[in-house]
Amino acid sequence: CPHLQKTKKLAIIGISDHHTRVMTGGSALPPNSPVVGLLFGYQEGLVVSILDAEEMEPFLPHETDSARAAHLETIRTKITLHQKVFPRHEVIGWYRVATTASTEEEEEDGANQCQ
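In what follows, the accompanying structure is described. (Residues numbered from 1 in each chain as written. Predicted model: local features only at pLDDT ≥ 70, side-chain atom pairs only at ≥ 80, totals over all residues. Heavy atoms only, no water.)

As a further point, take helix 2 (residues 65–85). An ideal rise of 1.5 Å per residue puts 30 Å on 21 residues; helix 2 measures up with 31 Å between its terminal C-alpha atoms. Those residues of helix 2 not exposed but buried are Arg68, His71, Leu72, Ile75, Ile79 and His82. Summarising the axial view, the buried residues of helix 2 lie within an arc of 95°, below the 170-degree limit, and thus occupy one face. Residues Ser66, Leu81, Lys84 and Val85 are exposed on helix 2 and point more than 90 degrees away from its buried face. (Helix = DSSP H or I, 4+ residues; strand = E, 2+ residues; numbered from the N terminus. Expected span 1.5 Å × (residues − 1). Buried < 20%, exposed > 50% of the residue type's maximum accessible area, 1.4 Å probe, protein only. Arc of directions from axis to C-beta.)

In structure tokens:
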């Protein structure tokens, strides 16, 4: 099925800013950390509009169950707060920017954690 994706400049600038802060040391994350976040927007028929991006800290493989649960709750809170300001926005997807390639398994794990 053909579809159209519209990405607004605000989302691209948000992702770029997030990446720049991590890579230049302006973040609590180490400079070699993957940069991940949520994409907000809406879908009408076959048109997906990505309007904004919200950063989140990456899941770490050594997180305990309680740390992972707290991490998920933080993400849910970010989603709730974003949607209180922009009620039409829903989570459309996620982004990941890194200096090294990841395996499909790592990417699937990150995507599954946000559901």
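Read on for the rest.
Right, let's talk about the sheet that holds strand 4 (residues 90–97) for a bit. An order of 1-3-2-4 is seen for the four strands of this open sheet, with the pairing classed as mixed. Of all the strands in the sheet, just strand 1 (4–7) and strand 4 have a single pairing partner and so form its edges. Looking at each pair of strands side by side, their axes are set apart by 35° on average, direction ignored. For strand 2 (residues 35–44) and strand 3 (residues 47–56), the ladder comprises nine bridges, and the chain directions are antiparallel. (Pairing = 2+ DSSP bridges. Axes fitted to C-alpha atoms, helices over the stretch in contact; angles between N-to-C directions.)

So, on to helix 1 (residues 9–23). Helix length check: helix 1 (15 residues) gives 21 Å between terminal C-alpha atoms against 21 Å at 1.5 Å per residue, within 8%. Ala11, Ile15, His18 and Val22 are the residues of helix 1 that are buried. All buried residues of helix 1 project into a common sector of 60° when viewed along the axis, lining one side. Seen from the buried face of helix 1, the exposed residues on the opposite side, beyond 90 degrees, are Lys9, Leu10, Ile12 and Ile13. The inward-facing, buried residues of helix 1 abut strand 1, strand 2, strand 3 and strand 4. Within two residues after helix 1, glycine 25 carries a phi angle of roughly 85°, on the positive side. (Contact = heavy atoms within 4.5 Å.)

Going through the model one piece at a time under the given rule, you end up with five salt bridges. Taking the shortest distance from any N to any O, the salt bridge between arginine 21 and aspartate 17 comes out at 3.0 Å. Residue arginine 21 and its partner aspartate 17 are both found in helix 1; the two are separated by four residues, about one turn of the helix. Here arginine 21 ties to glutamate 55 by a salt bridge, and the two come within 2.4 Å at their closest N and O atoms. One end of the pair, arginine 21, is in helix 1; the other, glutamate 55, is in strand 3, with 34 residues separating them in the sequence. Judged by relative accessible area, which is 29%, glutamate 55 ranks as partly exposed. Because the salt bridges share partners, they merge into one network encompassing Asp17, Arg21 and Glu55. (Salt bridge = Lys/Arg side-chain N within 4 Å of Asp/Glu carboxyl O.)

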